Amino acid sequence: MKAGFQRQPLVLASASAARRALMAGVGLAVDLQPADLDEEGLRQANPDLGPADMAVRLAEAKAVAVSRMRPGVLVLGGDQILDEAGAIVSKADDLEAIAARLRGFRGRTHHLHSAAALARDGQIVWRHVDTAALTVRDFSEAWLATYLEAEGSALTGVVGGYRLEGPGAQLFSRIDGDYFTVLGLPLWAVLETLRDQGVIDR
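Note that the structure is a prediction, hence the values are computed from the model and not measured.

Draft legend 1. Broad picture of the side chain of D79. In this structure, D79 sits in strand β3 (residues 74-84). Within the structure, D79 has its side chain in polar contact with the side chain of K62 (distance 2.7 Å). Look past the residues within four positions of D79 in its chain and what remains in contact with it is R19, E39, A55, L58, A59, K62, H113, S114 and A115.

Draft legend 2. Layout of helix α4 (residues 95-105). Inspection of α4 places I98, A99, L102 and F105 among the buried residues, and these make up the whole buried set. Relative to the axis of α4, the buried residues are bounded by an arc of 120 degrees and lie together on one face. Considering only its buried residues, α4 is in contact with β3, β5 (109-120), β6 (123-136) and α5 (141-151). The distance from a side-chain oxygen at the start of α4 to the backbone nitrogen of E96 is 3.3 Å, and the residue carrying that oxygen is D94. Just beyond α4, the residue with positive phi is G107, at close to 75 degrees.

Draft legend 3. Summary view of the packing of α4 against α5. One can describe the packing of α4 onto α5 by two numbers: an axis separation of 11 Å at closest approach and a directional angle of 140 degrees. Viewed along their axes, α4 and α5 adopt a mutual orientation that is oblique. Relative to α5, the crossing made by α4 is right-handed. Residue-level contacts link L95, I98, A99, L102 and R103 of α4 to E141, L144, Y147 and L148 of α5. Classifying every residue of the contact of α4 with α5 by side-chain character gives 7 nonpolar, no polar and 2 charged.

Draft legend 4. Layout of the pairing of β3. Burial analysis of β3 places 11 of its 11 residues in the buried class, the great majority of the element. What you see with β3 is no split at all: L74, L76, G78, Q80, L82 and E84 on one side and V75, G77, D79, I81 and D83 on the other are buried throughout. Across 4 bridges, the pairing between strand β1 (residues 10-13) and β3 is parallel. Following the sheet pairing, V11 is matched in β3 by V75. Where β3 and β5 come together, 9 bridges link them in antiparallel fashion. The partner of L76 across the bridge, within β5, is L118. Relative to strand β4 (residues 87-89), β3 runs antiparallel, the two sharing 3 bridges. Residue pairing for β4: L82 is matched across the bridge by V89. Counted along the chain from β3 to the antiparallel partner β4, the turn is 2 residues long, and its residue A85 has a positive phi close to 55 degrees.

Draft legend 5. The arrangement of unusual backbone geometry in detail. Backbone geometry places A85, a non-glycine residue, at a positive phi of 55 degrees. Structurally, A85 can be placed in the loop between β3 and β4. Positive phi, close to 55 degrees, is recorded for D121, a residue that is not glycine. The topology assignment puts D121 in the loop between β5 and β6.

Draft legend 6. Fine view of the nonpolar core. L10, L102, Y147, Y162, L171 and L194 are the most contacted members of the largest nonpolar core, which totals 43 residues. When residues in this core are grouped by element, the largest group, 5 residues, is from helix α7 (residues 187-196). Every residue in contact with L10, bar those within four places of it in the chain, is listed here: M23, L28, A29, V30, D31, L74, L76, L118, L194 and V199. L42, A59, A115 and A117 belong to the second largest nonpolar core, which has 12 residues in total.

Draft legend 7. Fine view of the layout of surface pockets. Its boundaries defined by the atoms lining it, the largest pocket holds a volume of some 790 Å³. Taken together, 34 residues form the lining of the largest pocket, with S16, R19, Q80, K91 and G157 sitting closest to its centre. Listed by contribution, the elements that provide at least two residues to the lining of the largest pocket are α1 (17-25), α2 (39-45), β3, β4 and α6 (179-183). Looking at the lining of the largest pocket element by element, the count peaks at 4 residues for β3.

Definitions and cut-offs
- Residues numbered from 1 in each chain as written.
- Predicted model: local features only at pLDDT ≥ 70, side-chain atom pairs only at ≥ 80, totals over all residues.
- Heavy atoms only, no water.
- Helix = DSSP H or I, 4+ residues; strand = E, 2+ residues; numbered from the N terminus.
- Polar contact = N/O pair within 3.5 Å; in protein donor to acceptor, adjacent residues only side chain to side chain.
- Contact = heavy atoms within 4.5 Å.
- Buried < 20%, exposed > 50% of the residue type's maximum accessible area, 1.4 Å probe, protein only.
- Arc of directions from axis to C-beta.
- Axes fitted to C-alpha atoms, helices over the stretch in contact; angles between N-to-C directions.
- Parallel < 35°, antiparallel > 145°, perpendicular 65-115°, else oblique.
- Left-handed = near helix turned anticlockwise from the far one by under 90°.
- Nonpolar A, V, L, I, M, F, W, Y, C, P; charged D, E, K, R; others polar.
- Pairing = 2+ DSSP bridges.
- Core = buried A, V, L, I, M, F, W, Y, C linked by side-chain atoms within 4.5 Å.
- 1 Å grid on protein atoms, 1.4 Å probe; cavity = no way out; pocket = protein on both sides within 12 Å on 5 of 7 lines; lining within 4 Å.
- Points joined across faces, edges and corners; volume = space filled by probe spheres on them.

Don't take any of this as a statement about function, it's just geometry.
Listed below in structure tokens is the structure:
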């Protein structure tokens, strides 16, 4: 479906609520079709890839997989990797694990690599990754308890244990990088490429 200045259909190969909201927020009508992808298997099959390169590989795999089922349509895949001192961090299973992770982040800087890829008919036509550096402040245990109670189980769905668009913004003393990159999509680069591809007007 086309909306306003959008000239071609676009499929979003992602189940991410944040990416879906970002696309809708900038006025793009996207058809949602999450990729059926074994992300952990793909990571294990590529042990030599660094965190940023792995984010790109995952975004590409999602875009290609869905584009093979949607002939002729441009498909956007995205992924984000949390990089703690060069190691890839996975989602925590429960609030206790999230609390331990946040304590480990306290007073330190970690990185988020957000990648996007566009594919058509099973072929990558574009890829990009942006990185943000996030410095966590020396928060108190009382603050952490209040935060975990306020956010609850919603935190198990985000790898870092925070949502920058929510109370998680209070975790940080400094962020170097783009807001949308932290949310999971290098939006400015995506929009410019969609203009180049004729999906939206210049």
